[in-house]
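Structural features, examined
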Amino acid sequence: MITIPFSLFGFTDWILAKNEPAIVVMLATFGMLLGIIVIITLLNVLGLKRFSGYITLALLCSVFISLVIMIPMLLLFRIEDTIKFILVWIVIVGSCLTFSLSNQRYIDMFTEEATNTANTKNQPTSKKPQNNKKNKRKNKK
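Residues numbered from 1 in each chain as written. Predicted model: local features only at pLDDT ≥ 70, side-chain atom pairs only at ≥ 80, totals over all residues. Heavy atoms only, no water.

1. Here we look at the overall build of the protein chain
The secondary structure content of the protein chain amounts to seven helices and zero strands. Shown N-terminal to C-terminal, the secondary structure of the protein chain runs as helices and strands in the order α-α-α-α-α-α-α. Here the protein chain, with 141 residues, has 25% of them falling under the buried criterion. Within the protein chain, contacts between residues separated by at least 24 positions form 69% of all contacts whose residues are at least 6 apart in sequence. Of the roughly 10,800 Å² of accessible surface on the protein chain, 65% is carried by carbon and sulfur atoms. (Helix = DSSP H or I, 4+ residues; strand = E, 2+ residues; numbered from the N terminus. Buried < 20%, exposed > 50% of the residue type's maximum accessible area, 1.4 Å probe, protein only. Contact = heavy atoms within 4.5 Å. Areas by Shrake-Rupley, 256 points an atom, 1.4 Å probe, with all protein chains shown as cover.)

Structure below.
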């Protein structure tokens, strides 16, 4: 039997007592949104504001990956072992964090390019007077 060597302040004990894997799926998707707010606040308080964007991106990516992986595991494959869902969720979040933090340079390049493209599209262009009939009549007089 697979066991978790820690209890996360009683959190895993509560989930295991319920024996509902759907709770883990719900926490993996909607609980991460609350987690993002808490983690960003902690990073700003601790002075690690530089990493808050990367960690936010990783946690948002883990939400969608959790949806894609964990819901089919629950509905299609009928895997109802709560401990396996928690371990899969930890692996998903860890891999997203590792990917995001190890590719900081490329994420910066991509976001810089995207913001430059968005800024050039939003700049107003110089308006030239249109050559309609009213302008031609005024110019002839």
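Now that the structure has been shown, we can carry on.
2. A short note on the nonpolar core
Within the largest apolar cluster, 20 residues are counted, with the highest numbers of intra-cluster contacts made by V24, M32, L59, M70, F85 and W89. Counting residues per element, the ones that place at least two in this core are α2 (21-29), α3 (31-46), α4 (52-75) and α5 (82-102). Per-element tally for this core: the top contributor is α4, with seven residues. Discounting chain neighbours no more than four positions away, the residues touching M70 are V24, V25, A28, F85, V88, W89 and I92. (Core = buried A, V, L, I, M, F, W, Y, C linked by side-chain atoms within 4.5 Å.)

3. Focus: α4
Spanning 24 residues, α4 covers 34 Å between terminal C-alpha atoms, matching the ideal 34 Å at 1.5 Å per step. Maximal helix bending in α4 amounts to about 30°, located at S66. Taken together, the buried positions of α4 are S52, Y54, I55, T56, A58, L59, S62, V63, S66, M70, M73 and L74. (Expected span 1.5 Å × (residues − 1). Bend = angle between axes of the 7 residues up to and from the residue.)

4. Topic: the environment of I83
In this structure, I83 sits in helix α5. Taking relative accessible area as the criterion, I83 reaches 6% and is therefore assigned buried. On a C-alpha basis, the gap between I83 and V24 in space is 9.3 Å, while along the polypeptide they are 59 residues apart.

5. Section: a nonpolar patch on the surface
On the surface, a cluster of nonpolar side chains totalling about 880 Å² of accessible area is made up of F64, I65, L67, V68, I69, I71, L75, L76 and F77. Here F77 lies in the loop between α4 and α5. Note on F77: relative accessible area 59%, which makes it exposed. (Patch = residues over 30% accessible without salt bridge, like charges linked within 9 Å, V, L, I, M, F, W, Y side chains within 5 Å. Salt bridge = Lys/Arg side-chain N within 4 Å of Asp/Glu carboxyl O.)

6. Focus: the packing of α2 against α3
Relative to each other, α2 and α3 sit at 40°, their axes nearing to 3 Å. As far as their axial angle goes, α3 and α2 are oblique. Contacts from M26, L27, A28 and T29 of α2 reach α3 at G31, M32 and L33. Residues of the contact of α2 with α3, tallied by class, amount to five nonpolar, two polar and no charged. (Axes fitted to C-alpha atoms, helices over the stretch in contact; angles between N-to-C directions. Parallel < 35°, antiparallel > 145°, perpendicular 65-115°, else oblique. Nonpolar A, V, L, I, M, F, W, Y, C, P; charged D, E, K, R; others polar.)

7. Describing the side chain of S100
With respect to the helices and strands, S100 occurs in helix α5. For S100, the side chain forms a polar contact with the main-chain oxygen of Y54, separated by 2.7 Å. Excluding anything up to four places from it in sequence, S100 contacts Y54, L57, A58 and I107. (Polar contact = N/O pair within 3.5 Å; in protein donor to acceptor, adjacent residues only side chain to side chain.)

8. Some remarks on the state of the cysteines
A full pass over the atoms with the stated rule returns zero disulfides. Unpaired in terms of disulfides, C61 finds its nearest cysteine sulfur in C96, a separation of 5.8 Å. Using a relative accessible area of 36% as the deciding quantity, one classes C61 as partly exposed. Relative accessible area serves as the criterion here: at 8%, C96 is assigned to the buried category. (Disulfide = S-S within 2.5 Å.)

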